[in-house]
Amino acid sequence: METGSPSYKTVFSLGWFNVRKLQSGTPTAQVNGSPKRLAAPDQREDNGSLSAPPDYEATVDACPRYEFYALSAPPGRRKLRPTLDMLRNGTPGKGQTFPGSPDSGDPSKDCVEKEGDDKDLEADKPKSEPIRFGWVTGVMIRCMLNIWGVILYLRLPWITAQAGIGLTWLIILMSAVVTSITGLSISAISTNGKVKAGGTYFLISRSLGPELGGSIGLLFSFANAVAVAMHVVGFAETVKDLLVEFDAVMSDPMNDIRIVGVITITVLFAIALAGMEWEAKAQIVFFFVILLSFISYFIGTILPASEEQQSKGYFSYKTEIFLQNMVPDWRGEDGSFFSMFSIFFPSATGILAGANISGDLKDPAVAIPQGTLMAIFLTTVTYLAITATIGGCVIRDASGSLNDTLVSANFTESCVGLGCNYGWNFTECALEGTCKYGLGNDYQTMSMVSAFSPLITAGIFAATLSSALACFVSAPKVFQCLCQDNLYPFIGFFAKGYGRNKEPLRAYGLTYILAIAFILIAELNTIAPIISNFFLCSYALINFSCFHATITNSPGWRPSFRYFSKWTALFGSIISVVIMFLLMWWAALIVVGVIVVSLAYVTYKKPEANWGSSVQAGTYNMALSNAVSLVNVEDHVKNFRPQCMVLSGPPNFRPALVDFVGAFTKGVSLMVCGNVLEVQGAVSTQDYDEQVQWMRTRKVCSFYSCITTSDLRTGAKNLMQVSGLGRLKPNTVVLGYKQNWQTDSPHCLESYVGIIHDAFDISAGVCVLRMHDGLDVSRTVKTHVNLAFEDPEATLSFDNQREAFRVVGADKCLETVFQGKQKKKNIDIYWLFDDGGLTLLIPYLLTRRKRWSRCKVRVFISGQISNAEQQKEEIQFLLNKFRLGFNEVVVLPDIEWIPEETSVKEFEDLIAPFRFNEGQQDQEAVEEMRKEAPWKVTDEDLRVYKKKTEQHIRLHEILQEHSRNAALIVMSLPVIQKGACPSTLYMAWLETVSKNLPPPVAFIRGNQQDVLTLYCQ
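This part covers the environment of Ser723. Along the chain, Ser723 falls in the loop between helix 24 (712-722) and strand 9 (732-736). Taking relative accessible area as the criterion, Ser723 reaches 7% and is therefore assigned buried. Sequence separation of Ser723 and Gly674 is 49 residues, and the distance between their C-alpha atoms is 9.0 Å. In contact with Ser723, other than residues within four places in its own chain, are Met645, Ser705, Asn718, Lys729 and Pro730. A distance of 2.6 Å separates a polar atom in the side chain of Ser723 from the backbone oxygen of Leu719.

The next point concerns helix 31 (residues 946-962). In this model helix 31 runs 24 Å from its N-terminal to its C-terminal C-alpha over 17 residues, within 8% of the 24 Å that 1.5 Å per residue would give. Contacts from the buried residues of helix 31 go to strand 13 (826-830), strand 15 (888-892), helix 28 (901-911), strand 16 (968-972) and helix 32 (983-994).

Time to look at a positive patch on the surface. The grouping of Lys606, Lys666, Lys699 and Arg851 at the surface amounts to a positive patch. By the secondary structure assignment, Lys606 is in the loop between helix 20 (585-605) and helix 21 (614-631).

Tallied over the full model, the rule gives one disulfide. Covalent S-S linkage joins Cys429 and Cys435, the inter-sulfur distance amounting to 1.9 Å. Negative torsions about the S-S bond denote left-handed disulfides, and the value of about 80 degrees found for Cys429 with Cys435 makes this one right-handed. Accessibility expressed as a relative area gives 10% for Cys429, which makes it buried. Not part of a disulfide, Cys767 finds its nearest cysteine sulfur in Cys644, a span of 7.5 Å. The class of Cys767 is buried, set by a relative accessible area of 0%.

Compared with an ideal rise of 1.5 Å per residue, which puts 15 residues at 21 Å, helix 27 (residues 868-882) spans 21 Å between its outermost C-alpha atoms and is within 8% of the ideal. All buried positions along helix 27 are accounted for by Ala868, Ile875, Gln876, Leu879 and Phe882. On an axial view of helix 27, the arc spanned by its buried residues comes to 115 degrees, and they lie on one face. The outward face of helix 27, more than 90 degrees from its buried face, is lined by the exposed residues Glu869, Gln870, Glu873, Glu874 and Phe877. Taken together, the buried residues of helix 27 touch helix 26 (838-847), strand 14 (856-862) and strand 15. A positive phi of about 60 degrees marks Arg883, the residue just after helix 27.

Before going further, it helps to examine the sheet that holds strand 15. Pairing within the open sheet is mixed, and its 10 strands lie in the order 8-7-6-9-10-17-16-13-14-15. At either margin of the open sheet sits one strand with a lone partner, and together these are strand 8 (703-708) and strand 15. Strand-to-strand, the axes of this sheet are offset by a mean angle of 20 degrees, without reference to chain direction. Note: strand 13 against strand 14, five bridges, orientation parallel. Looking at strand 14, one finds that Ile827 is bridged to Val857. Helix-sheet contacts for helix 23 (residues 685-697) involve strand 7 (671-677) and strand 8, and the interaxial angle to strand 8 is about 150 degrees.

The next thing to look at is the nonpolar core. Counting residues in each nonpolar core, the largest one holds 134 residues, and the members touching the most others are Tyr153 and Ile265. If one sorts the elements of this core by residue count, helix 7 (residues 210-245) sits on top with 16 residues. In contact with Tyr153, not counting residues within four places along its chain, are Ile290, Ser293, Phe294, Tyr443, Met446, Ile456, Gly459, Ile460 and Ala463. Ile707, Ile755, Tyr986 and Met987 belong to the second-largest nonpolar core, a separate cluster that totals 53 residues.

With respect to the helices and strands, the residue Ser983 is situated in helix 32. Taking relative accessible area as the criterion, Ser983 reaches 3% and is therefore assigned buried. Not counting chain neighbours up to four residues away, the residues in contact with Ser983 comprise Leu749, Glu750, Val753 and Trp935.

With that settled, the discussion passes to the packing of helix 7 against helix 16 (residues 453-484). For the pair helix 7 and helix 16, interaxial distance at closest approach is 8 Å and the crossing angle is 160 degrees. Judged by the inter-axis angle, helix 7 sits roughly antiparallel to helix 16. Considering only the axes of helix 7 and helix 16, their crossing is left-handed. Here the residues of the contact of helix 7 with helix 16 sort into 19 nonpolar, 11 polar and no charged.

Right, let's get into the packing of helix 5 (residues 156-190) against helix 19 (residues 566-583). Following both chains from N to C, one finds helix 5 and helix 19 inclined at 135 degrees, their axes separated by 9 Å at the closest point. On the basis of the axis angle, helix 5 is oblique to helix 19. Every pair of crossing elements has a handedness; the one defined by helix 5 and helix 19 is left-handed. Each of Val177, Val178, Ile181 and Ser185 in helix 5 lies in contact with helix 19, whose residues at this interface are Thr568, Ala569, Phe571, Gly572, Ile575, Ser576 and Ile579. Residues that form the contact of helix 5 with helix 19 fall into these classes: seven nonpolar, four polar and no charged.

About the criteria used
Here the residue index of a chain counts from 1 through its sequence in written order. Given that the model is predicted, a residue must reach a pLDDT of at least 70 before its local features are reported, and side-chain atom pairs must reach 80 or more before they are shown or counted; all residues, however, enter totals for whole chains, interfaces and linings. Only hydrogens and water are removed before side-chain values are computed, so all heavy atoms of the structure are retained for them. Strands here are runs of E lasting at least two residues and helices are runs of H or I lasting at least four, both read from the DSSP assignment and numbered beginning at the N terminus. Under the scheme applied here, a residue whose accessible area is under 20% of the maximum for its type counts as buried, over 50% as exposed, and between as partly exposed, the area being computed with a 1.4 Å probe on protein chains only. Note on contacts: a residue pair qualifies if any of its non-hydrogen atoms lie within 4.5 Å across the two residues. Within 3.5 Å is the distance limit for a polar contact, defined as a pair of N or O atoms, with the added protein rule that one can donate a hydrogen and the other accept it, and that residues adjacent in sequence qualify only through two side-chain atoms. One fewer than the residue count of a helix, multiplied by 1.5 Å, yields its expected span. Like charges are joined within 9 Å and nonpolar side chains (Val, Leu, Ile, Met, Phe, Trp, Tyr) within 5 Å, but only among residues with over 30% relative accessible area and no salt bridge; these make up the patches. To measure how exposed things are, a 1.4 Å probe is used in the Shrake-Rupley method; for residues, cover is taken only from the protein chains shown. Throughout this description, the term salt bridge denotes a Lys or Arg side-chain nitrogen within 4 Å of a carboxyl oxygen of Asp or Glu. Note that His is not counted, nor are the chain ends; the positive residues are Lys and Arg, and the negative ones are Asp and Glu. Throughout, a charge is located at the NZ atom of Lys, the CZ atom of Arg, the CG atom of Asp or the CD atom of Glu. To count as a disulfide, a pair of cysteine sulfur atoms needs to be within 2.5 Å. This arc is taken over the directions from the axis of the helix to the C-beta atoms. DSSP-based pairing: two strands are paired if at least 2 bridges between them are found. Lines fitted to the C-alpha atoms define the axes, with helices restricted to the stretch that makes contact. Angles between their N-to-C directions range from 0 to 180 degrees. In these notes, a set of buried Ala, Val, Leu, Ile, Met, Phe, Trp, Tyr and Cys residues joined through side-chain atoms within 4.5 Å is what counts as a nonpolar core. The cut-offs work like this: below 35 degrees is roughly parallel, past 145 is roughly antiparallel, 65 to 115 is roughly perpendicular, and the gaps in between are oblique. With the far helix as reference, a near helix turned anticlockwise by less than a right angle produces a left-handed crossing, and one turned clockwise produces a right-handed crossing. Residues are grouped as follows: Ala, Val, Leu, Ile, Met, Phe, Trp, Tyr, Cys and Pro are nonpolar; Asp, Glu, Lys and Arg are charged; every other residue, Gly included, is polar.

Structural data, given as structure tokens:
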């Protein structure tokens, strides 16, 4: 260090980040009259940590770095930006660790500390680099080889004879339109973030989510496996023709195809097992062989036709031939436009060959758009050119016999066909349909036209084998990615990869077996239409993914490829579905059925896959739009739903309370579990996620909201006021009965009763649930904490261990009374006070659940003996008008009777600890004492509420008589004037009514506004 330059001392270290203090000297704007250069943002100390510049010596802020966003580094080697807790408090938050600390899982920390290594851990070069391909060899050539498949050589001339040049061009252009639109959609999706292995499945699943992605992963893997069989059968057909030509048939033509096919697929299996590097080298060789075959073909079309070629229908370029072949000539049962389209379209499916090996590309976001679109353009031009040239120089029917010339024929005047114009008479075979040559009969027409026919044969071999090899590689890699996501059972076995490229050897074996099964069909025209629907379905979903991601306006949809339109993507999706049904409607139905079944399964299983799909963005948009539009909808009693704010604390502390509310709100209305923490500090994300996961496991449809305040009542009031969104806000407050009200502090008791008053203040209904054994099932457990994990300098020893205590809630599998199936018991409703109908509505919603549907509801009302029957009929008529299905009404005239003395004595003993000892004190002294202890009960309170007290004592006696064996007791919650009744007296009423009752007791009180109506408007 130069003399006079400032030196710094590290005073605080957080993993990769250090706080440095100026040791000597003062940082100035200039040194010796010249500007002083600030330390570089990536300045490092000897231990490789980031050094803060002098201006930021009191912070551990880090400059923006790529490594903070990249997820590709292995666990323990990722660089992490400092958290908010690190920046604000200098310590990691709960569940967080400093990068490089002992519990961060960083195996390199010891090495860094001991050796002072300056190396960037993420920059360490791996021992074995996997093979990666560019856009030419990895995508363009691979796609072109897959598109230049068996259809080009063996079926394109035959399709031209059937559909004519004009309609064949239409078929080619229609396929090109679908594939081009799909190519644009693939380009957009693949440039919206880093693409990993899995190809088409990865693109769709990460865009539309695991439900549709899993379905298409299964279909696409299967389609590629069948495509392997299609290309191998095309290769075997060519070999079979050669065997016939050289009289070397092994068995019969069909079995020869099967034998050659099985041998070929076995060789391809061996090449695939050798690895992607060998497969790529083989593809390059195939590519140049195909180019040579094209050169040989186009040269052959301009050479004069030999006599043998003329006998097979080739006459070089002739205007008459071109014009006659321009129009269609349908032949056979399958002679139709869409039959030809279904046979041709599989050749266009090769556009996904590059995307299917996305995990083996150097830069998929660049390679997939460039390579795919270039391959579509070049192959489309090739198909159009071959169609025009082959249709311009070869007639549809020829016998192949050198004797069928006009000179040797006895009936020259009756010659039919264009061959007559060139000295050949193919009339006999044309009329009888026995011609073996010509566009409409000979699949090897291109070989016959070629300047050097062995090159065409080599081209067929190269095209079929390269396409088969590409599909053989694509199917296992897509299937491996699907298996790794663990969306379906029993397929995890195929997820394992081997070698530096993680080759799916097990999936290769499965593809090999499937391909052999379809090779045994040995009929190319049967296999080709089968896979058309699978690929079309893939195209439809790819285009729909692009369309859906665009219309959701998600900020995360930022593809770097801009040359696409959501409307063209939608058109491509629709036209793909239409073509599916036009080709083979029954096969399309099978594909749709498979998607629906797999979609239903994944939706039911709900895999833990969060990929930021456009479906999630669409769900958010719909929810936001509906919530905003709901603001403009006026409330109506017919649409009232009990939207509950459940003051549950951590939900797993009071599972019965959560299950009770969840039983009548699930699928009906809003439920929010609120937790008030009487501590200062941020809410732990880990605790929040733990509670949400607990509710999800118990299938409780609820939100969870947590707030930190210094006072329970204030926190509960804030939750009531701010929870919800627009019309989706709580209108009913649910809380558990305070079991320990007699022993808890007076302040807590006042807060509890005050929460009920606060709920009524905001015009909300109130429900208080009491269980015989209480609601809170939390328990304190002892844990051991090693202090070495808090101090990086400490050692792992017994002396550094200390005991800690942690409060835990109920297990996920704990079953409460509200989760079990109820027997034929009663739900007893004591509708003593009219609150608008909430006391009736909640039990009604409960009985709609299958678990509670067998329970009979009884409604108890107070009344007089003189008119008990009249009151019963009146209430029964009202219940019928409410359409609740409650058919039993019980009038309680004895509720006004004086309770038994023993019951009165029990109540007096209950409130005795909370009585004022007034003695002979005057009224002013009593008022002063009342202000100091507002929860205590005076003689005046007992006098004013004597009748109400006796009613509750008597009600307890009635409950013991009628409802001890009920499944649930629902009762009107008493309402008192604010500040007029001591909280202890109020709780004594609730305690007296509900004590010693086995069934759950729910005290319910609405806000005195109608929630039930007799009318339809």
